[in-house]
Amino acid sequence: MKMYFLLSAFILVGSCAETKYATKIENLKGNITIVDSTLVKKYAATITAAALKENLYQFASTNFEGRATGEEGQKKAANFLVDFYKSHNIASPIADSTYFQHIPKSFLPEGIHASENVLAYIKGSEKPDEVLIISGHFDHLGIENEEIHFGADDNGSGSTAILEIAQAFKIAEQDGFKPKRSILFLHLTAEEIGLQGSLYYTKNPIFKLENTIANLNIDMIGRVDRTHKENPNYIYIIGADRLSKELHYINKSVNTITTNLNLEYKYNEETDSNRYYYRSDHYNFAKHNIPVIFYFNGEHEDYHKPTDTADKINYPLLEKRAQLIFATAWQLANQENKLLMNTDF
């Protein structure tokens, strides 16, 4: 009988704990207030398929020779990114204003030449020491068997999306709507050889990692995978709830009032055999307890092949996905409080 009462008491305590947790989650969802929704839509609309296409055709051209880490084509791509930021008066966060975070040959795998991350930023108006990072790798596979791997989707799509997102924030700033928190636009090298660019940044951060509120990582958002040939209005969301359920619900809420994409979560399952959560640059931030979202369109028949070319990108869809990321970034940069972590519950 005593054992029965003890067991009943444990069940009751567990039930109460689950109820309290469920109530907290419902309160979290209900308390998300989207800031500046009219402004978000206005400046998201400056991100256009035409501009994305113009930049991506250059970025995934023969001139950049597949952008292999440390090779001439990757250097040209890095300079292309810097020229864009300079032409739009988007500053470098680095003291010498070079926009490059140089990575020595000694840090990279054997046989790889020195490389560089490319960084630009907009300083926050109220909380400049708190930083949101929007990232994507810009390297690819280079030339293999005398064939260029153009990497239009992987990750020319993410690279050019970041440029357009940065420009949208800059236009808003010029109109008097500066983000409250700083935003770092981080183009990472050496992802294809083991996430080395993001590893280097997290070991040598320009902004303190403890002040980094979140990382929105973009890697392949210009195509449609086999599952969605008949319904391309989607994006895979990976990692959003792993460290901060608030981040997950913010992304959902923002999507509802802006792009209305179908947010897919199957690759976010911890049992997913593809392990995408561990396979792009966001993971090096997540390891430091920084909330992340990995935006991804899934693999397709041209993945890591020379046939991943700019003519196969769905530019209206790329526009829509980039607008969602911009809108989520706007919310994170401007909401009153930093994200609640799952450990806060």
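Before reading further, recall that the structure is shown in the block above.
Anyway, here's the lowdown on the structure attached to this text. Since the structure is predicted, the reported quantities are computational estimates derived from the model, not experimental observations. (Residues numbered from 1 in each chain as written. Predicted model: local features only at pLDDT ≥ 70, side-chain atom pairs only at ≥ 80, totals over all residues. Heavy atoms only, no water.)

## Quick look at the layout of surface pockets
Stage number 1. As a volume, the largest pocket reaches approximately 230 Å³.
Stage number 2. If you go around the largest pocket, the residues you meet are L28, N31, I32, T33, V35, E246, Q331, Q335, E336, N337, K338 and L340.
Stage number 3. Residues that form the lining of the largest pocket fall into these classes: four nonpolar, five polar and three charged.
Stage number 4. A volume near 150 Å³ is recorded for the second largest pocket.
Stage number 5. Taken together, 14 residues form the lining of the second largest pocket, with E191, D219, M220, R279 and Y303 sitting closest to its centre. (1 Å grid on protein atoms, 1.4 Å probe; cavity = no way out; pocket = protein on both sides within 12 Å on 5 of 7 lines; lining within 4 Å. Points joined across faces, edges and corners; volume = space filled by probe spheres on them. Nonpolar A, V, L, I, M, F, W, Y, C, P; charged D, E, K, R; others polar.)

## So, the sheet that holds strand β10 (residues 292-296)
Stage number 1. Within the open sheet, the eight strands sit side by side as β1-β2-β6-β3-β7-β10-β8-β9. Their pairing is mixed. Here the strands that pair on one side only, and so sit at the sheet edges, are β1 (100-103) and β9 (262-264). Sheet twist, expressed as the average angle between the axes of neighbouring strands with direction ignored, equals 25 degrees.
Stage number 2. Pairing geometry for β1 and strand β2 (residues 115-122), over four bridges, is antiparallel. Looking at the pairing, H102 lines up with E116 of β2.
Stage number 3. Against the sheet, helix α4 (residues 72-87) contacts β1, β2 and β6 (181-188), and its axis sits at roughly 10 degrees relative to β2. (Pairing = 2+ DSSP bridges. Helix = DSSP H or I, 4+ residues; strand = E, 2+ residues; numbered from the N terminus. Axes fitted to C-alpha atoms, helices over the stretch in contact; angles between N-to-C directions. Contact = heavy atoms within 4.5 Å.)

## Looking at the packing of α4 against helix α5 (residues 152-174)
Stage number 1. Between α4 and α5, whose axes approach to 11 Å, the crossing angle comes to 15 degrees. Viewed along their axes, α4 and α5 adopt a mutual orientation that is roughly parallel. Where α4 crosses over α5, the two elements pack in a sense that is right-handed. Here F80, L81, F84 and Y85 of α4 lie close against α5, whose contacting residues are I162, L163, E164, A166 and Q167.
Stage number 2. Looking at the contact of α4 with α5 residue by residue, the class counts come to seven nonpolar, one polar and one charged. (Parallel < 35°, antiparallel > 145°, perpendicular 65-115°, else oblique. Left-handed = near helix turned anticlockwise from the far one by under 90°.)

## What to know about empty space enclosed by the protein
Space left empty within the atom packing is revealed by a probe, the size of a water molecule, rolled over the atoms.
Stage number 1. Tallied over the full model, the rule gives one cavity of 30 Å³ or more.
Stage number 2. Computed from the structure, the largest cavity encloses a volume of approximately 40 Å³.
Stage number 3. Among the residues making up the lining of the largest cavity, the classes are represented as four nonpolar, no polar and five charged.

## Digging into the nonpolar core
Stage number 1. Grouped together as the largest cluster of nonpolar side chains are 102 residues, with contacts concentrated most on Y85, I134, F169 and F185.
Stage number 2. For this core, the element with the highest residue contribution is helix α10 (residues 315-334), accounting for twelve residues. (Core = buried A, V, L, I, M, F, W, Y, C linked by side-chain atoms within 4.5 Å. Buried < 20%, exposed > 50% of the residue type's maximum accessible area, 1.4 Å probe, protein only.)

## With respect to the side chain of D225
Stage number 1. With respect to the helices, strands and loops of the structure, D225 is situated in the loop between β7 (212-218) and β8 (234-238).
Stage number 2. An unpaired buried charge is present at D225: no salt bridge exists, and K266, the closest side chain of opposite charge, is 5.6 Å distant.
Stage number 3. Only 2.6 Å separates the side chain of D225 from the side chain of Y236, close enough to count as a polar contact.
Stage number 4. Apart from the residues lying within four places of it in its own chain, the contact partners of D225 are Y234, Y236, N297, G298 and E299. (Lys, Arg positive; Asp, Glu negative; His and termini not counted. Salt bridge = Lys/Arg side-chain N within 4 Å of Asp/Glu carboxyl O. Polar contact = N/O pair within 3.5 Å; in protein donor to acceptor, adjacent residues only side chain to side chain.)

## Observations regarding the packing of aromatic side chains
Stage number 1. One pass over the full model with this rule turns up 25 aromatic pairs.
Stage number 2. Centroid distance F59 to F64: 6.0 Å. Interplanar angle 80 degrees. Geometry classified as edge-to-face. You'll find F59 and F64 in the same group, each marked buried.
Stage number 3. Pairing Y267 with F296 gives two aromatic rings, centres 6.3 Å apart and planes at 55 degrees, and the pair type is tilted. Of this pair, Y267 sits in the loop between β9 and α9 (282-286) while F296 sits in strand β10, and the two are 29 residues apart along the sequence.
Stage number 4. Assessed through its relative accessible area of 13%, Y267 is described here as buried. (Phe/Tyr/Trp six-rings, centres within 6.5 Å; stacked < 30°, edge-to-face > 60°.)

Function cannot be inferred from these measures alone, as they are strictly geometric.
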